[in-house]
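# Notes for the structure review
Here is how the chains run, residue by residue.
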Amino acid sequence: MTAAHWLVKSEPNAYSFADLQRDGSTVWDGVRNNAAALHLKAMKVGDEALFYHSQEGKEIVGIARITRTAFPDPGDPSGRFVAVELAPVKSLPKPVTLADMKAAPALSGMAMIRQSRLSVSPVTKAEWDVILTMAG
DNA sequence: GCCAACGTTGGC
DNA sequence: GCCAACGTTGGC
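Described below are features of the structure shown in this document. (Residues numbered from 1 in each chain as written. Chains lettered and ligands numbered in written order. Predicted model: local features only at pLDDT ≥ 70, side-chain atom pairs only at ≥ 80, totals over all residues. Heavy atoms only, no water.)

## Section: the protein's contact with DNA strand C
Taken together, Lys9, Tyr52, Gln55, Lys58, Leu98, Lys102, Ser116 and Arg117 make up all the residues around DNA strand C. At the protein interface, 81% of the atoms of DNA strand C within 4 Å belong to sugar or phosphate. Separating a phosphate oxygen of DNA strand C from a side-chain N or O atom of Tyr52 is a distance of 2.9 Å. Contacts to DNA strand C include Lys102, whose side-chain N or O atom sits 2.5 Å from a phosphate oxygen. (Near = heavy atom within 4 Å. Polar contact = N/O pair within 3.5 Å; in protein donor to acceptor, adjacent residues only side chain to side chain.)

## A word on the protein's contact with DNA strand B
In the vicinity of DNA strand B, the contacting residues are Asn33, Asn34, Gln115 and Arg117. A share of 62% of the atoms of DNA strand B within 4 Å of the protein falls on sugar and phosphate groups. Side-chain polar atom of Gln115 to a phosphate oxygen of DNA strand B: 2.9 Å apart, as the coordinates give it. Within the contact set of DNA strand B, a base oxygen lies 2.6 Å away from a side-chain nitrogen or oxygen of Arg117. Of the residues assigned to the surface near DNA strand B, the class counts are no nonpolar, three polar and one charged. (Nonpolar A, V, L, I, M, F, W, Y, C, P; charged D, E, K, R; others polar.)

## Description of the pairing of strand S5 (residues 82-97)
Where strand S2 (residues 26-28) meets S5, three bridges bridge the pair, whose relative direction is antiparallel. Across the sheet, the residue bridging to Thr26 is Leu86, located in S5. The sheet contact formed by strand S4 (residues 59-72) and S5 spans ten bridges and is antiparallel. By the bridge assignment for S5, Ile66 is matched with Leu86. (Pairing = 2+ DSSP bridges. Helix = DSSP H or I, 4+ residues; strand = E, 2+ residues; numbered from the N terminus.)

## Remarks on the side chain of Asp76
Note on placement: Asp76 falls in the loop between S4 and S5. Within the buried set, Asp76 has no salt-bridge partner at all; the shortest N-O distance to an opposite charge, 4.3 Å, is to Arg32. A polar contact of 2.8 Å, which involves the side chain of Asp76, links it to the backbone nitrogen of Phe81. When near neighbours in sequence (up to four residues on either side) are disregarded, Asp76 contacts Arg32 and Phe81. (Buried < 20%, exposed > 50% of the residue type's maximum accessible area, 1.4 Å probe, protein only. Lys, Arg positive; Asp, Glu negative; His and termini not counted. Salt bridge = Lys/Arg side-chain N within 4 Å of Asp/Glu carboxyl O. Contact = heavy atoms within 4.5 Å.)

## Concerning the nonpolar core
Core analysis: the biggest nonpolar cluster contains 20 residues, and Val8, Trp28, Leu40, Met43, Phe51, Leu86 and Val120 have the highest contact counts within it. Taken together, the elements giving at least two residues each to this core come down to strand S1 (5-10), helix H1 (17-23), helix H2 (34-42), strand S3 (48-53), S4 and S5. Sequence-distant contacts of Val120, that is, excluding residues within four places in its chain, are made with Leu7, Val8, Trp28, Val31, Ala36, His39, Leu40 and Met43. In this structure, Tyr52, Met101, Met112 and Ala135 belong to the second largest nonpolar core, which totals 17 residues. (Core = buried A, V, L, I, M, F, W, Y, C linked by side-chain atoms within 4.5 Å.)

So this is what it looks like as structure tokens:
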């Protein structure tokens, strides 16, 4: 089974890719959305995720790797939601902006474009390859 | 700052 | 169990 691909969003004001690089790894918690939680639960160690900055930047800035599969979110009293752990892989030579992605026909079906509020979404291998090519 | 999308809550 | 009201997210 090949590793799956994902996209995670973060407001850089709250937690940026630079923060992840500084920390070495982080607990990806605070997701309070069922669809996003399902994706978190589907993540495997070794899967890679595009790291997207929402609001500020609106661009994919780096790649992260899943280092721990889903466990109950420590900050969620209801026990419904989960967290994973991420580590930085590398920053992209050239960030890929939302405008770039919208302008690319190959990416028009992307989950994050079709449903912009989803904070964790799957990325197909084809989409992944297109984005990495765009990133230089 | 506004508004659209969409998930969640609560009254019935 | 339905659905209106409300809250939150995120692009513009």
